[in-house]
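Spelled out, the chains give:
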Amino acid sequence: MAIERRREAGGGGSGRHQVPPEENGSLPPGDAAASAPLGGRAGSGDGEIQSLPPLPAASAAGGPHSGCCASASAPSLLLLDYDGSVLPFLGGLGGGYQRTLVLLTWIPALFIGFSQFSDSFLLDQPNFWCRGAGKGAVTDRWGAVDMGNGSSPPATAWSTVSWGAAGNRSNSSGAQWGDTPPLPSPPDKGDNASNCDCHEWEYGIRTGLVQNVVSKWDLVCDNAWKVHIAKFSLLVGLIFGYLITGCIADWVGRRPVLLFSIIFILIFGLTVALSVNVTMFSTLRFFEGFCLAGIILTLYALRIELCPPGKRFMITMVASFVAMAGQFLMPGLAALCRDWQVLQALIICPFLLMLLYWSIFPESLRWLMATQQFEPAKKLILHFTQKNHVSPESDIKGVMPELEKELSRRPKKVCIIKMVGTRNLWKNIVVLCVNSLTGFGIHHCFARSMMGHEVKVPLLENFYADYYTMAGIALVSCLAMCVVVQFLGRRGGLLLFMILTALASLLQLGLLNLIGKYSQHPDSGMSDSVKDKFSIAFSIVGMFASHAVGSLSVFFCAEITPTVIRCGGLGLVLASAGFGMLTAPIIELHNQKGYFLHHIIFACCTLICIICILLLPESRHQNLPENIANGEHYTRQPLLPHRKGEEPLLLTNAELKDYSGLHDAATATGEALQPEGATANGRKAM
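Because the structure is a prediction, the values reported are computed rather than measured.

A. Representation of the overall build of the protein chain within the structure. Per the secondary structure count, the protein chain includes 28 helices and 2 strands. Here the analysis covers contacts within the protein chain between residues at least 6 apart in sequence; of these, 81% occur between residues at least 24 apart. Carbon and sulfur atoms make up 65% of the accessible area of the protein chain, which totals about 30400 Å².

B. Structural detail: helix α13 (residues 225–252). For α13, with 28 residues, the first-to-last C-alpha span of 40 Å sits near the 40 Å given by 1.5 Å per residue. Directly beyond the C-terminal end of α13, a positive phi value near 115° is found at G253.

C. How the structure looks around the packing of helix α15 (residues 278–306) against helix α16 (residues 312–337). Remark: α15 packs on α16, axes separated minimally by 9 Å, with the N-to-C direction vectors making an angle of 150°. With respect to the hand of their crossing, α15 and α16 are arranged in right-handed fashion. Across the interface between the two elements, Y300, R303 and I304 from α15 touch R312, I315, T316 and A319 from α16. Residue composition of the contact of α15 with α16, by class: 4 nonpolar, 1 polar and 2 charged.

D. Broad picture of helix α20 (residues 374–388). Here α20 contains 15 residues, and its C-alpha end-to-end distance of 20 Å stays within 8% of the 21 Å for a straight helix at 1.5 Å per residue. The complete set of buried residues in α20 reads F374, A377, K378, L380, I381, F384, T385 and N388. Taken together, the buried residues of α20 touch α5 (77–80), α6 (82–89), α7 (96–116), α19 (365–370) and α21 (399–405). Positive phi appears at H389, one or two residues downstream of α20, with a value of about 55°.

E. Representation of the environment of G492 within the structure. The residue G492 is located in helix α23 (residues 463–519) in this model. Looking at G492, the relative accessible area reads 13%, which means it is buried. Sequence spacing of G492 and I613 is 121 residues, and the spatial spacing of their C-alpha atoms is 8.7 Å.

F. Focus on the pairing of strand β2 (residues 201–204). Of the two faces of β2, the one carrying W201 and Y203 and the one carrying E202 and G204 are both buried. Pairing geometry for strand β1 (residues 127–130) and β2, over 4 bridges, is antiparallel. Each residue of the ladder has a partner; that of C130, found in β2, is W201.

G. Representation of the side chain of R491 in the model. Tracing the backbone shows R491 in helix α23. From its side chain, R491 meets the backbone oxygen of L614 in a polar contact 3.4 Å long.

H. Region of the structure containing the side chain of H444. Tracing the backbone through its elements, the reader meets H444 in helix α22 (residues 425–451). Note on H444: relative accessible area 14%, which makes it buried. Dropping the residues within four chain positions of it, H444 is found in contact with A584, I587, E588 and H598.

I. Main features of the packing of aromatic side chains. Taken as a whole, this structure holds 18 aromatic pairs when the rule is applied. Put simply, the rings of F121, F328, F463, Y464, Y467 and Y468 pair up and form one aromatic cluster. When the ring centre of W358 is taken as reference, the NZ or CZ atom of R255 above it lies at 5.1 Å.

J. Structural view of the nonpolar core. In this structure, I295, L343, F351, L365 and M369 are the most contacted members of the largest nonpolar core, which totals 136 residues. Counting 11 residues, the second largest nonpolar core, distinct from the first, contains F446, A447, I473 and M543.

K. Representation of the environment of Y357 in the model. Tracing the chain through its elements places Y357 in helix α18 (residues 357–360). What makes Y357 buried here is its relative accessible area of 5%. A C-alpha to C-alpha distance of 8.9 Å links Y357 and L258, two positions 99 residues apart in sequence. For Y357, the residues in contact, after removing those within four places along its chain, are L104, P108, R255, L258 and L259.

L. Examining the environment of F281 more closely. Its place among the elements puts F281 in helix α15. Exposure remark for F281: the relative accessible area of 0% places this residue in the buried category. On a C-alpha basis, the gap between F281 and G269 in space is 10.0 Å, while along the polypeptide they are 12 residues apart. Each residue touching F281, except ones within four places of it in the same chain, is listed here: L123, V213, W217, A230, V272, S275 and W340.

M. Region of interest: the packing of α13 against α15. At their nearest, the axes of α13 and α15 sit 6 Å apart, and the two run at 35° to each other. Crossing hand, α13 versus α15: right-handed. Of the residues in the contact of α13 with α15, the class split is 17 nonpolar, 9 polar and 2 charged.

N. Structural context of the pattern of salt bridges. One pass over the full model with this rule turns up 11 salt bridges. As a salt-bridge pair, E559 and R490 come within 2.8 Å of each other at their nearest N and O atoms. Of this pair, E559 sits in helix α24 (residues 528–560) while R490 sits in helix α23, placing them 69 residues apart in sequence. Comparing E559 with R490 shows no difference in burial state: the two are buried. Connected via shared salt-bridge partners are D250, R254, E305 and R566.

O. View of a nonpolar patch on the surface. A surface patch of nonpolar side chains, amounting to about 520 Å² of accessible area, comprises F240, L243, I244, I248, W251 and V252. Examined against the element boundaries, F240 turns out to sit in helix α13. In this structure F240 comes out as partly exposed when scored by relative accessible area, which is 42%.

What counts and how
Residues numbered from 1 in each chain as written. Predicted model: local features only at pLDDT ≥ 70, side-chain atom pairs only at ≥ 80, totals over all residues. Heavy atoms only, no water. Helix = DSSP H or I, 4+ residues; strand = E, 2+ residues; numbered from the N terminus. Contact = heavy atoms within 4.5 Å. Areas by Shrake-Rupley, 256 points an atom, 1.4 Å probe, with all protein chains shown as cover. Expected span 1.5 Å × (residues − 1). Axes fitted to C-alpha atoms, helices over the stretch in contact; angles between N-to-C directions. Left-handed = near helix turned anticlockwise from the far one by under 90°. Nonpolar A, V, L, I, M, F, W, Y, C, P; charged D, E, K, R; others polar. Buried < 20%, exposed > 50% of the residue type's maximum accessible area, 1.4 Å probe, protein only. Pairing = 2+ DSSP bridges. Polar contact = N/O pair within 3.5 Å; in protein donor to acceptor, adjacent residues only side chain to side chain. Phe/Tyr/Trp six-rings, centres within 6.5 Å; stacked < 30°, edge-to-face > 60°. Lys NZ or Arg CZ within 6 Å of the ring centre and 35° of its normal. Core = buried A, V, L, I, M, F, W, Y, C linked by side-chain atoms within 4.5 Å. Salt bridge = Lys/Arg side-chain N within 4 Å of Asp/Glu carboxyl O. Patch = residues over 30% accessible without salt bridge, like charges linked within 9 Å, V, L, I, M, F, W, Y side chains within 5 Å.

See the structure below:
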């Protein structure tokens, strides 16, 4: 045939160009493992990436036996199929030792919840006034307001009091407190000298503490910007920690990174409580966030790698609920401590218990097998079988004999940078990074919009009502995720929540502006209260959906990223989430300037994400990919399942192999029967 002959002349060799199997859905465990060696290079050493099968022209340059050499150097397919062979041999999640390890990954989530939400108490901006100006009058006015529940005082004749309260409610400026005049906007530089000409301040702290960081070092007026820098420090530390510890965990293992992170968070966290100035506080908070990121990331990866396919999501959600318990308990903890230094020490001290993990928590067996570290993997398997009282006769598939044959292999470790050379994997991770950034970034827009109406909604005037409203929305969001993901899967659930986020954002930006214009006409019948109610409703829906988008994006990434680079991929998505959360203190630092543009940009990102989510694979009930080649075969499938009796447009992998072999045989027969120079339709080539 002329087409085949031209392909051979172009360097394609005698074989037919195979349709890449990744275009037809994810491979079954055996086929995925079998395809892994095809991408390896002949004689590859440590750290060589296993990428997609090369194109025909590239394979011809390597010679016809390059695939054979790679296959000969590949480990046993049985050992590469961890979920199908190794995990069942160890008893799955039914083994008592595995359940103990999962429980040990849940307990620190409570301490992590304390640390993540500590900024709301340590750095809360209290109401303040000058001690020397009308103290008695101010005390009477404050006595009329219940300061125990965090309420802000009404505007008074003293500009320092008015501006202090306005600074605490910067997103509600222009609103009225009953019959009092609207609070003034923050003074400009010229008025700062008169308003802040005070040597000693008094504070009304709303969070149950007698003293916090702001009141300790008088971070008000000209020093107020240092509060936002202190908020930056923890988030920036988390971002750098996710990126760096993720790469290290893929190279040296999860257990060393976890243990060193625990040691250093104890050092830096307890030193934060001994800070002598705000500069020392901010610097130490950066390193505390860096170490906290290492703990969060490694525990997340270990939790995923311990579980069989059907239990991964629920095990992860339990950890999320435990972390939320820490969020709900934080106000009570602050009320008990009364001082920010005691609170900081009490948050960090529970990590002392995690020092015991050095002796009771092993390395990830899945990571050892994926990186071909079979010698320590064998010792760990024997440790598991001893703890679970598993008999060697239960090894029906012969995992241990195959492992004995591969003990002499050299480890192959991979860095996340190798992802750049892939075809599908980098696309999936980038899409999830954008989803995570958008979900956590737009969450602040909805939160600020809802809290902007706190003066008109009495319930939201209270600090604790504000705090528990946010926590309650997050809790309901996680409960909804459990139901939605159960029925729609990972991709369908992520798509649904992103659509809800986009609708809430667009309606809040567009419909509310339209209602605002009509409310200005006296005959329209609309008032500002209607607009406010719609705004609060859209904000709650947006916060609910955006929280689910961010959380589900992180979990999705943990499932589709191969074991050899799982921590690196998780680090990228979690760092993107950190960048999204970082927009909140940035906007506050600029006194809410650019907030509307900020919201518009993230609203546009939600529309882009809706399209990109359709490119993601579905990982529900799928085995975790172990190497780069497995991750490449996690590709897009139809969003809706095929109806009964309906023929799919794309062949399955088994059908593809059958048809490809039949086509090759037919091609060889046809070429033998046709005369030279004849084309496929029987005519002579010109």
